[in-house]
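Each chain, written out:
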Amino acid sequence: MNEWLLIALMAVVTYLPRYLPFALAGRIRIPARLEQALDFVPIAVLTAIIAQASLYRGGELDLTLGNYHALAALVAFAVALATRHLFATIAAGLIAFALLKLLV
Amino acid sequence: MHTPAKQLWLGALETLPLVVAAFPFGIVFGAMAHTGGLDFAVTLGMSAIVFAGASQFIAITLLAAATALPVIVMTVFVVNLRQMLYSANLMHHVEPWPHWLRAVLAFFLTDETFAAVTDRLNRHPEQEGLRWFYAGSALFMYSFWQISTVLGYTLGERIPGLADWGLDVAMIVAFVGIVVPALRQRADWACAAVAFSSALLTYDWPHQTGLLLSSLLAITVGMAVAGRSS
């Protein structure tokens, strides 16, 4: 595969969603239904990625306590619920992961 | 008091915590790209030209799984739809900007800069100089993304197996940190629950199509639940 072609196409599909609404500012209004659907995009896409990345390790579903990625994600989830703070969530998840790696 | 220079500086300063959180991403991205056999120019080129953390991770992960190019591009497009929402949210505020400036600054609309800019808009709605604040945040984030990419690639070269240390956990926990505060209503939780279960059930679908379908299904369910409760 041509990697530069991939980069060029990625650049297009990354830039256009960022730019189009800016370009249309002052000219159109987004339909309410579409805006509502877009509202769910981060939750839907990121949660799907989290699920696969944390529970499938090495191509296999790993629901054991040996899956430190899933345990770190659980810790992060708990801290995020309690604090709603991005930085605290990342720090707690990474510390939990490091401790598991080093101590267990 | 609100000189361009001061707004540039403030924009950078208020993006700092998010830049710190994104830095390990960049390192892991660089290291993973090295492990995946991408050469240095392609790796830095992707960070410099695409400049989208999640998309870049997905692209190199899918590349390593020998995914077809159109599927990678489609997946990246879907992942980037959230930036479209960001952009749509800021439409009203960029109206006074000249078109060339909108075209330039749109390129830099990341999660981090959007978060910093909306935070400023919430705290100082009437303050002048948003374009400078935005530019300061954007350039700061951009510079550090390039630096972390180079550092990650270099470390990946010197420390064999760096990409296998499990540092991709940084991406997972940061996504958790972005998603959880967004879970406000029942519809949001329903959307997340569907995305989570569906993604697990469709993991082995070819070319990550399960990720796409799960997202669309979850959005549909979220809207249905929101429609019923309103």
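Residues numbered from 1 in each chain as written. Chains lettered and ligands numbered in written order. Predicted model: local features only at pLDDT ≥ 70, side-chain atom pairs only at ≥ 80, totals over all residues.

Chemist: Which residues make up the overall build of chain B, and what values do they have?
Modeler: When helices and strands are tallied, chain B shows eleven helices and zero strands. Each helix and strand of chain B, ordered N terminal to C terminal, gives the series α-α-α-α-α-α-α-α-α-α-α. For chain B, the C-alpha radius of gyration of 19 Å lies close to 17 Å, the compact-globule estimate for 230 residues. When the backbone C-alpha atoms are referred to their principal axes, chain B occupies close to 55 × 55 × 30 Å. (Helix = DSSP H or I, 4+ residues; strand = E, 2+ residues; numbered from the N terminus. Rg over C-alpha atoms; globule rule 2.2 N^0.38 Å.)

Chemist: Got a sec to walk through the packing of helix 4 (residues 69–79) of chain B against helix 11 (residues 209–229) of chain B? Specific residues and values, please.
Modeler: Residue and element names in this part refer to chain B. Closest axis-to-axis distance for the helix 4/helix 11 pair is 10 Å, and the angle between their directions is 30°. Classified by the angle between their axes, helix 4 and helix 11 sit roughly parallel to one another. For the element pair helix 4 and helix 11, the recorded crossing hand is left-handed. Across from Met74, Thr75 and Val78 in helix 4, the residues of helix 11 making contact are Leu211, Leu212 and Ser215. In the contact of helix 4 with helix 11, the residues fall into four nonpolar, two polar and no charged. (Axes fitted to C-alpha atoms, helices over the stretch in contact; angles between N-to-C directions. Parallel < 35°, antiparallel > 145°, perpendicular 65-115°, else oblique. Left-handed = near helix turned anticlockwise from the far one by under 90°. Contact = placed C-beta atoms within 7 Å. Nonpolar A, V, L, I, M, F, W, Y, C, P; charged D, E, K, R; others polar.)

Chemist: Talk me through the domain arrangement of chain B; I want residue IDs and the actual numbers.
Modeler: Residue and element names in this part refer to chain B. Once the domains are mapped, chain B shows domain 1 (4–167) and domain 2 (183–230). Domain 1 and domain 2 are separated by 25 Å when their C-alpha centres are compared. Each partner contributes residues to the interface: domain 1 has seven residues there, and domain 2 has five residues. For the side of domain 1 that touches domain 2, the element with the highest residue contribution is helix 4, accounting for four residues. Its residues assigned to classes, the side of domain 1 that touches domain 2 comprises five nonpolar, two polar and no charged. (Domains from an automatic or database assignment.)

Chemist: Could you give an account of the environment of Lys6 of chain B, with specific residues and numbers?
Modeler: Looking at where Lys6 of chain B falls in the secondary structure, it is placed in helix 1 (residues 4–35). Separated by 37 residues in sequence, Lys6 of chain B and Thr43 of chain B have C-alpha atoms that sit 33 Å apart.

Chemist: Which residues make up the interface of chain A and chain B, and what values go with them?
Modeler: One frequently used descriptor of interface size is the decrease in accessible area upon assembly of the parts. Taken together, the contacts link 58 residues of chain A with 66 residues of chain B. Those elements that place two or more of their residues in the side of chain A that touches chain B are helix 1 (3–24), helix 2 (32–39), helix 3 (41–55), helix 4 (68–83) and helix 5 (86–103) of chain A. At 16 residues, helix 1 of chain A tops the list of elements feeding residues into the side of chain A that touches chain B. Class assignment for the residues of the side of chain A that touches chain B results in 44 nonpolar, nine polar and five charged.

Chemist: Please give an account of the domain arrangement of chain A that cites residues and values.
Modeler: Here the domain parsing of chain A yields domain 1 (1–37) and domain 2 (40–104). Of note, the centres of domain 1 of chain A and domain 2 of chain A, computed from C-alpha atoms alone, are 29 Å apart.

Chemist: Can you explain the nonpolar core? Please cite residues and give values.
Modeler: Grouped together as the largest cluster of nonpolar side chains are 112 residues, with contacts concentrated most on Val173, Val176 and Cys191 of chain B. When residues in this core are grouped by element, the largest group, 14 residues, is from helix 1 of chain B. The residues contacting Val173 of chain B, other than those within four sequence positions of it, are Ala72, Ala73, Ala76, Thr89, Ile90, Gly93 and Leu94 of chain A. (Core = buried A, V, L, I, M, F, W, Y, C linked by C-beta atoms within 7 Å. Buried ≥ 20, exposed ≤ 12 C-beta atoms within 10 Å, placed from the backbone.)

Chemist: I'd love a proper account of the confidence of the model for chain B, names of residues and values included.
Modeler: Taken over all residues, the pLDDT of chain B has a mean of 88, while the share at 70 or more is 97%. Reported for the predicted complex are a pTM of 0.75 and an ipTM of 0.85. (pLDDT = per-residue confidence, 0-100.)

Chemist: Give a description of unusual backbone geometry that names residues and reports values.
Modeler: With phi around 55°, Arg84 of chain A is a residue other than glycine that occupies positive phi space. Summarising the element assignment, Arg84 of chain A is placed in the loop between helix 4 and helix 5. The exposure class assigned to Arg84 of chain A is partly exposed, which follows from the 14 C-beta atoms found within 10 Å. For Phe51 of chain B, which is not glycine, the phi dihedral falls at a positive 50°. In this structure, Phe51 of chain B sits in the loop between helix 2 (40–49) and helix 3 (53–64).

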